[in-house]
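Okay, here's what each chain looks like letter by letter:
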Amino acid sequence: MGKVGIIMGSDSDLPIMQDAIDILKSFNIETEVDIVSAHRTPEKLYEYATNAHSRGVNVIIAGAGGAAHLPGMVASMSPLPVIGVPVKSRNSIDGWDSVLSILQMPGGVPVATVALDGAKNAGILAAQILGSSDQQVLKNIIKYKESLKEKVMTAAKGIKQ
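Predicted model, so just to flag it, every value in this text is computed and none were measured.

Asker: What is the right way to look at the sheet that holds strand E4 (residues 82-87) in this model?
Answerer: Strands in a sheet are paired, the pairing made by backbone hydrogen bonds, and the direction either parallel or antiparallel. The strand order E2-E1-E3-E4-E5 describes an open sheet built from five strands, whose pairing is parallel. Looking at the sheet topology across the chains shown, the edges are occupied by strand E2 (30-35) and strand E5 (112-113). Two elements, strand E1 (residues 3-8) and E2, share six bridges in a ladder whose sense is parallel. Residue pairing across strands places Val4 opposite Thr31, the latter belonging to E2.

Here you go:
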């Protein structure tokens, strides 16, 4: 089973990023969580991005607000897939600055970008990436998708009564 690295620019991002941690744990996927600031700890960013794969990390989820350079900078240095989570922070312009900073990457440096504060979907996407080569993770994802379907069917049945 793979491992997902989850990093964020500051501890104020943790309430959002916790959704990724929680969903990955529900799939029994190991996580490695850290704070790595693109602007305040560039040396740590470099070390993390260039060495995560050697620690057994298979996918990186990077959450950041404001200028949100963390996901793109990690993607520029890491051979791993990077999923960016734009975080609506207190210094953000309605979150659009974060979304566009992560979404508008130049050719050759992809960052898969989820919705504003969409850490849960980042966790699911990371699991799906791992599930493409791990049958147990794939089975867990299939079970999860079925549970989503069941919730909708139950709600639909309840609304008709």
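Continuing now.
Asker: Is there a simple way to think about the packing of aromatic side chains in this case?
Answerer: Think of a pair of aromatic rings as described by two things: how far the centres are apart, and how the planes are tilted against each other in angle. Following the criterion strictly, the structure yields one aromatic pair and no others. Here the aromatic rings of Phe27 and Tyr144 are separated by 5.5 Å at their centres, their planes lie at 85 degrees, and the arrangement is edge-to-face. Taken together, the residues Phe27 in the loop between helix H1 (14-26) and E2 and Tyr144 in helix H6 (residues 135-160) connect sequence positions 117 residues apart. The two residues Phe27 and Tyr144 agree in class, both being buried.

Asker: Quick question: what am I supposed to make of the packing of helix H2 (residues 42-51) against helix H3 (residues 70-77) here?
Answerer: When two helices pack together, their arrangement is given by the angle between the helix axes and the distance between those axes. The contact between H2 and H3 brings their axes to 8 Å, and the two run at 50 degrees. One way to sum up the angle between H2 and H3 is to call them oblique. Seen from above, H2 lies across H3 with right-handed handedness. Residues Leu45, Tyr46, Ala49 and Thr50 of H2 lie in contact with H3, whose contacting residues are Leu70, Met73, Val74 and Met77.

The rules behind these values
- Residues numbered from 1 in each chain as written.
- Predicted model: local features only at pLDDT ≥ 70, side-chain atom pairs only at ≥ 80, totals over all residues.
- Heavy atoms only, no water.
- Pairing = 2+ DSSP bridges.
- Helix = DSSP H or I, 4+ residues; strand = E, 2+ residues; numbered from the N terminus.
- Phe/Tyr/Trp six-rings, centres within 6.5 Å; stacked < 30°, edge-to-face > 60°.
- Buried < 20%, exposed > 50% of the residue type's maximum accessible area, 1.4 Å probe, protein only.
- Axes fitted to C-alpha atoms, helices over the stretch in contact; angles between N-to-C directions.
- Parallel < 35°, antiparallel > 145°, perpendicular 65-115°, else oblique.
- Left-handed = near helix turned anticlockwise from the far one by under 90°.
- Contact = heavy atoms within 4.5 Å.

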